[in-house]
Amino acid sequence: MSILDKFEIWLQNKGYSGVTPSGHPSTTSKYVKGVKKVASEEGMDVQELAECIDDILPQYSANGVKADKGAKSHHTVLDALKQFKNFIDECAVNNNPKS
């Protein structure tokens, strides 16, 4: 299972919907698409993005150098990156035997 598949399941477990009542793509698919888009724009794969999310996320935030890209589609890209960071952080905590 890919990291994006796991991210999508994680989003669904957090209560985000996969499709609208009319059957159109909803939050989970838009967030996955946003993460893939940022990875592509950064010239990396999603795993590499996950490894440097702490450096990438601020660039797409309100005062970041790529804030215009983060603000696209009603801030979907930025929101996707924030949730991706939460996902990565939660995975790190759950995989850490010291926690």
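Relevant structure appears above.
Basis of the calculations
- Residues numbered from 1 in each chain as written.
- Predicted model: local features only at pLDDT ≥ 70, side-chain atom pairs only at ≥ 80, totals over all residues.
- Heavy atoms only, no water.
- Salt bridge = Lys/Arg side-chain N within 4 Å of Asp/Glu carboxyl O.
- Helix = DSSP H or I, 4+ residues; strand = E, 2+ residues; numbered from the N terminus.
- Buried < 20%, exposed > 50% of the residue type's maximum accessible area, 1.4 Å probe, protein only.
- Phe/Tyr/Trp six-rings, centres within 6.5 Å; stacked < 30°, edge-to-face > 60°.

A.B. asks: When you look at the pattern of salt bridges in this model, what are you seeing that I'm missing?
C.D. replies: Where charged atoms from two side chains of opposite charge approach closely, those side chains can pair. Under the defined criterion, the tally for this structure stands at five salt bridges. As a salt-bridge pair, Lys 14 and Glu 90 come within 3.1 Å of each other at their nearest N and O atoms. Of this pair, Lys 14 sits in the loop between α1 (3–13) and α2 (27–41) while Glu 90 sits in helix α6 (residues 72–94); the two residues are 76 residues apart in sequence, bridging distant segments of the chain. Residue classification places Glu 90 among the partly exposed residues on the basis of a relative accessible area of 29%. For Lys 85, the salt bridge identified is with Asp 89, shortest N-O distance 2.6 Å.

A.B. asks: Help me out: how do you make sense of the packing of aromatic side chains in this one?
C.D. replies: For any pair of aromatic rings, the description consists of the separation of the ring centres together with the inter-plane angle of the planes. Taken as a whole and assessed by the stated rule, the structure comprises six aromatic pairs. With centroids separated by 5.1 Å and ring planes inclined at 80°, the aromatic side chains of Phe 7 and Phe 84 adopt a geometry described as edge-to-face. Here Phe 7 is found in helix α1, whereas its partner Phe 84 is found in helix α6, with 77 residues between them in sequence. Exposure remark for Phe 84: the relative accessible area of 0% places this residue in the buried category. In this structure an aromatic cluster arises from ring pairing among Phe 7, Trp 10, Phe 84 and Phe 87.

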